[in-house]
Amino acid sequence: FVKKAHNINYPRIQIKNLTLKFNNKLKLKNISFYASVSEVVGIYGLMGSGRTELLETIFGLYSKNSSGEIIIDNQIASIQNPFDAINYGIALIPEDRKKDGLFLEMDICENINIGSIKNTLKYRVLNKKLQTKQAAFYQNMLNIKASSLKQKVKNLSGGNQQKVVLAKWLATNPKILLLDEPTRGIDINAKNEIYKLINDLADKGLTIIVVSSELPEIMAISDRIITLSEGKITGIFSREQFSEESILKSVLPSN
């Protein structure tokens, strides 16, 4: 995989002093950063650094336990739950696709369409033809290998399951894509396809924030890397500053 340089534009999303607290324990401490149109921002940290919680907080999963500001296109966003996040154009590809990303007993077509039902209504009634058309479009775009759109997703390979999750969220026409461990448990060919897709989506103007526990991966796909340790930002690296040594150094706990 060879990363393409993007023309990075204005900030699409700005996070200001984002704090997350559970049982009087701080999980995220005054997190502030931005991500621009056409930019891939990598979030890297060790287990327990707060990387998944960061994406989930942006997506509105912990609004009762969090504080701070999320600004999208220069407007303060009021995100109380994931439905609000989706309405602001945010999509979250979760770390555990089988548990949180897919309906395993349903077919590919149903899974792809489930988050964007309004796209497949005709006269306020679900239209099977429009559903098949939308699913076929994303199957083709993401090269989802299956015998048919009626194949149950539980019978797909890990890489193709991940593409179905991506298709489901891309069908909502997001502006900001949050990816949590997007290549976990998939083979090297499927990984390269996902890397290329991330690159292409950024090229088309999406803002992508991606969490990965694999340092070579995050260095390969990101325009900038933000490091986390113990719920705090410990470093921000531009592409010219990427080095395994300095990034690893910045994620090690302080004690």
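Residues numbered from 1 in each chain as written. Predicted model: local features only at pLDDT ≥ 70, side-chain atom pairs only at ≥ 80, totals over all residues. Heavy atoms only, no water.

Engineer: When you look at the overall build of the protein chain in this model, what are you seeing that I'm missing?
Structural biologist: Regarding its fold elements, the protein chain presents nine helices and twelve strands. Radius of gyration (C-alpha) of the protein chain: 18 Å, near the 18 Å computed for a compact globule of 255 residues. With the C-alpha coordinates of the protein chain rotated into their principal frame, the extents come out at 55 × 40 × 35 Å. Out of the 255 residues in the protein chain, the part that is buried amounts to 51%. Long-range pairs, those at least 24 residues apart, make up 66% of the contacts in the protein chain between residues at least 6 apart in sequence. Of the roughly 12600 Å² of accessible surface on the protein chain, a fraction of 52% belongs to carbon and sulfur atoms. Each charge sign in the protein chain was given a centre, from 34 positive and 25 negative side chains, and these centres are 6 Å apart. (Helix = DSSP H or I, 4+ residues; strand = E, 2+ residues; numbered from the N terminus. Rg over C-alpha atoms; globule rule 2.2 N^0.38 Å. Buried < 20%, exposed > 50% of the residue type's maximum accessible area, 1.4 Å probe, protein only. Contact = heavy atoms within 4.5 Å. Areas by Shrake-Rupley, 256 points an atom, 1.4 Å probe, with all protein chains shown as cover. Lys, Arg positive; Asp, Glu negative; His and termini not counted. Charge placed at Lys NZ, Arg CZ, Asp CG, Glu CD.)

Engineer: Which parts of the structure should I look at to understand the nonpolar core?
Structural biologist: In globular proteins that are soluble, nonpolar side chains generally tend to be buried together. Core analysis: the biggest nonpolar cluster contains 71 residues, and Ile 58 and Leu 177 have the highest contact counts within it. For this core, the element with the most residues is helix α7 (residues 188–203), which contributes seven residues. Sequence-distant contacts of Ile 58, that is, excluding residues within four places in its chain, are made with Ile 13, Ile 15, Leu 18, Phe 33, Ile 70, Ile 79, Ala 85, Ile 90 and Leu 178. (Core = buried A, V, L, I, M, F, W, Y, C linked by side-chain atoms within 4.5 Å.)

Engineer: Quick question: what am I supposed to make of the sheet that holds strand β1 (residues 11–22) here?
Structural biologist: Reading across from one edge, β2-β1-β4-β5 is the order of the four strands in this open sheet, with antiparallel pairing throughout. Only two strands of the sheet have a single neighbouring strand rather than two, namely β2 (25–36) and β5 (75–76). Examined bridge by bridge, β1 and β2 share eight bridges and lie antiparallel to one another. The partner of Ile 13 across the bridge, within β2, is Ala 35. (Pairing = 2+ DSSP bridges.)

Engineer: Which parts of the structure should I look at to understand the side chain of Asn 199?
Structural biologist: As for its position among the elements, Asn 199 is in helix α7. Taking relative accessible area as the criterion, Asn 199 reaches 8% and is therefore assigned buried.

Engineer: Any chance you could explain helix α5 (residues 128–142) here in plain terms?
Structural biologist: In an α-helix, one turn spans 3.6 residues; hence positions three or four apart end up facing the same way. Helix length check: α5 (15 residues) gives 21 Å between terminal C-alpha atoms against 21 Å at 1.5 Å per residue, within 8%. Every buried residue of α5 is accounted for by Gln 131, Gln 134, Ala 135, Tyr 138, Gln 139 and Leu 142. On an axial view of α5, the arc spanned by its buried residues comes to 135°, and they lie on one face. Across α5 from its buried face, at more than 90 degrees, point the exposed residues Lys 129, Lys 133 and Asn 140. Tucked into the core, α5 has its buried residues touching α4 (108–113), β8 (125–126), α6 (158–170) and α7. (Expected span 1.5 Å × (residues − 1). Arc of directions from axis to C-beta.)

Engineer: What is the right way to read the packing of α6 against α7 from this model?
Structural biologist: Any two packed helices are characterised by the angle at which their axes cross and by the distance between the axes. Contact geometry of α6 with α7 gives a least axis separation of 10 Å together with a crossing angle of 20°. Of the possible angle classes, the one that applies to α6 and α7 is roughly parallel. Viewed along their axes, α6 and α7 form a crossing whose handedness is left-handed. Here Gly 159, Gln 162, Lys 163, Leu 166 and Leu 170 of α6 come into contact with α7, specifically with Ala 190, Glu 193, Ile 194, Leu 197 and Leu 201. Its residues placed into classes, the contact of α6 with α7 shows six nonpolar, two polar and two charged. (Axes fitted to C-alpha atoms, helices over the stretch in contact; angles between N-to-C directions. Parallel < 35°, antiparallel > 145°, perpendicular 65-115°, else oblique. Left-handed = near helix turned anticlockwise from the far one by under 90°. Nonpolar A, V, L, I, M, F, W, Y, C, P; charged D, E, K, R; others polar.)

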